Amino acid sequence: MRDIKILHTTFGILGDVFGLLLFMAPLITFKRIIRKKSTEQFSCMPYLISLLQCLLAAWYSLPFVSPNNLLVTVISAIGIGLEATYVLIFLIFSPKKGKAKICGYLFVVLSIFSSLALVSMLAFHGNRRKLFCGFAFAAACIMMYGSPLSVMRLVIKSKSVEYMPFFLSLSVFINSTSWSIFSLLGKDPFIFVPNAAGTILGAAQLILYVVYRDKKGVKKDEINESVDQMRTGKLQDGKLVDIQNENANP
């Protein structure tokens, strides 16, 4: 029993470490945004989704909802701070129309979280509260882990892994695997299911990297310097068209 608790804590700490790396991955993108004082064609939506996921994860991991999830609370709180900072940077450097749209989306995110938290406190108690909050958290987590699918599709089309950094893919895989084992040891299906899906997606990304790492389907001078493209699934439209045209006319 003691060994299981030690393993449970160990994999939770690993999840926190690699979760932090994932949350910090967009720093290169935001360094570029601040330097150019423009959000260009980058989308704020992935960061809003991640903010919602972190809010729901933090709420789910609180002792009065689900016990023994302190490490989930820690990384979720860090994630809330970082994702909120990213959204704030978008608000500062977006054009006026963009600011209004981001404020609208942010209002929706905060309204969803507030409504779910309020309903869970007033309408549910004990295990029913855990079930309600767990389903909400798992759904948001699956949405976050599903975002790299478009970039995986681009890797296959362009036959290049330039848009899918190896260490970021590796971090996704290790992070998801750590939380999967953590949740198995803690017998928590709401943490296990989305992270098991993340493990599968992370493994698929690593397989794609092995397959396409030596192939150069895209010129390096056309590669966006953002390392979080894997998370966003967003490319600048003009560059995507150029890449598709180049592949069609070698």
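The structure displayed is predicted, hence computed values, not measured ones.

Criteria and thresholds
Residues numbered from 1 in each chain as written. Predicted model: local features only at pLDDT ≥ 70, side-chain atom pairs only at ≥ 80, totals over all residues. Heavy atoms only, no water. 1 Å grid on protein atoms, 1.4 Å probe; cavity = no way out; pocket = protein on both sides within 12 Å on 5 of 7 lines; lining within 4 Å. Points joined across faces, edges and corners; volume = space filled by probe spheres on them. Helix = DSSP H or I, 4+ residues; strand = E, 2+ residues; numbered from the N terminus. Nonpolar A, V, L, I, M, F, W, Y, C, P; charged D, E, K, R; others polar. Axes fitted to C-alpha atoms, helices over the stretch in contact; angles between N-to-C directions. Parallel < 35°, antiparallel > 145°, perpendicular 65-115°, else oblique. Left-handed = near helix turned anticlockwise from the far one by under 90°. Contact = heavy atoms within 4.5 Å. Salt bridge = Lys/Arg side-chain N within 4 Å of Asp/Glu carboxyl O. Buried < 20%, exposed > 50% of the residue type's maximum accessible area, 1.4 Å probe, protein only. Polar contact = N/O pair within 3.5 Å; in protein donor to acceptor, adjacent residues only side chain to side chain. Expected span 1.5 Å × (residues − 1). pLDDT = per-residue confidence, 0-100. Patch = residues over 30% accessible without salt bridge, like charges linked within 9 Å, V, L, I, M, F, W, Y side chains within 5 Å. Areas by Shrake-Rupley, 256 points an atom, 1.4 Å probe, with all protein chains shown as cover.

**Q** I tried to follow empty space enclosed by the protein on my own but got confused; where do I start?
**A** A probe matching the size of a water molecule, rolled over the atoms, marks out where space remains unfilled. In this structure the tally under the stated criterion is two cavities of 30 Å³ or more. Its volume calculated, the largest cavity comes out at about 40 Å³. Along its surface, the largest cavity is lined by Leu-56, Trp-59, Leu-116, Ala-117, Ser-120, Phe-132, Cys-133 and Ala-136. For the lining of the largest cavity, the secondary structure elements donating two or more residues are helix 3 (45-60), helix 5 (96-123) and helix 6 (127-146). Taken together, the residues of the lining of the largest cavity break down into seven nonpolar, one polar and no charged.

**Q** Looking at this structure, how should I read the packing of helix 1 (residues 2-24) against helix 8 (residues 166-185)?
**A** What describes two packed helices is the angle between their axes and the distance between those same axes. Following both chains from N to C, one finds helix 1 and helix 8 inclined at 150°, their axes separated by 8 Å at the closest point. It follows from the interaxial angle that helix 1 and helix 8 lie roughly antiparallel. The way helix 1 lies across helix 8 gives a crossing that is left-handed. Each of Ile-4, Leu-7, His-8, Phe-11, Gly-12, Leu-14, Gly-15, Asp-16, Phe-18, Gly-19, Leu-21 and Leu-22 in helix 1 lies in contact with helix 8, whose residues at this interface are Leu-168, Ser-171, Val-172, Ile-174, Asn-175, Ser-178, Trp-179, Ile-181, Phe-182 and Leu-185. Tallied by class, the residues present in the contact of helix 1 with helix 8 amount to 14 nonpolar, seven polar and one charged.

**Q** How should I be thinking about the pattern of salt bridges in this particular structure?
**A** Between side chains of opposite charge, a pair can form as their charged atoms come close. Inspection of every chain in the model, using the stated rule, returns two salt bridges. Taking the shortest distance from any N to any O, the salt bridge between Glu-40 and Arg-32 comes out at 2.6 Å. Classification of Arg-32 as buried rests on a relative accessible area of 6%. Linking Lys-36 and Glu-40 is a salt bridge whose minimum nitrogen-to-oxygen distance equals 3.7 Å. When its relative accessible area of 44% is taken as the criterion, Lys-36 is described as partly exposed. By sharing partners, the salt bridges in this structure join Arg-32, Lys-36 and Glu-40 into a single network.

**Q** What is the right way to read the environment of Thr-199 from this model?
**A** Along the polypeptide, Thr-199 turns up in helix 9 (residues 189-212). For Thr-199, a relative accessible area of 17% corresponds to the buried category. As for Thr-199 and Asn-175, which are separated by 24 residues in sequence, their C-alpha atoms are 8.0 Å apart. Residue contacts for Thr-199: discarding those within four places in its chain leaves Phe-173, Ser-176, Thr-177 and Ser-180. A polar contact is formed between the side chain of Thr-199 and the backbone oxygen of Ser-176, at a distance of 3.4 Å. A polar contact is formed between the side chain of Thr-199 and the side chain of Ser-180, at a distance of 3.5 Å.

**Q** What am I meant to see in helix 1 here?
**A** Owing to its 3.6 residues per turn, the α-helix brings residues three or four apart onto one side. Across its 23 residues, helix 1 extends 33 Å between first and last C-alpha, which sits within 8% of the 33 Å expected from 1.5 Å per residue. Residues His-8, Gly-12, Gly-15, Asp-16, Phe-18, Gly-19, Leu-22 and Phe-23 constitute the buried set of helix 1.

**Q** What exactly am I supposed to notice about the confidence of the model for the protein chain here?
**A** In low-pLDDT segments, the atomic positions of the prediction should not be examined closely. Residue-level pLDDT values for the protein chain average 81, and 83% of them are 70 or greater. The low-confidence segment residues 218-250 (pLDDT under 50) makes 74 contacts with residues lying over four places distant or belonging to another chain.

**Q** Mind showing me how you'd approach the side chain of Ser-169 here?
**A** With respect to the secondary-structure elements, Ser-169 resides in helix 8. In terms of polar contacts, Ser-169 uses its side chain to reach the side chain of Gln-205, at 3.4 Å.

**Q** I keep staring at a nonpolar patch on the surface and nothing clicks. Help me out?
**A** On the surface, a nonpolar cluster with roughly 480 Å² of combined accessible area is contributed by Leu-20, Met-24, Leu-27, Leu-70, Val-74 and Ile-78. When contributions to the nonpolar patch are tallied by element, the ones reaching two or more residues are helix 1 and helix 4 (70-93). Of the residues forming the nonpolar patch, the biggest block, three residues, is contributed by helix 4. Take Val-74: it is sitting in helix 4.

**Q** Help me out: how do you make sense of the side chain of Ser-183 in this one?
**A** Note that Ser-183 resides in helix 8. Once residues within four sequence positions are removed from consideration, Ser-183 is found in contact with Asp-188, Ile-191 and Phe-192.

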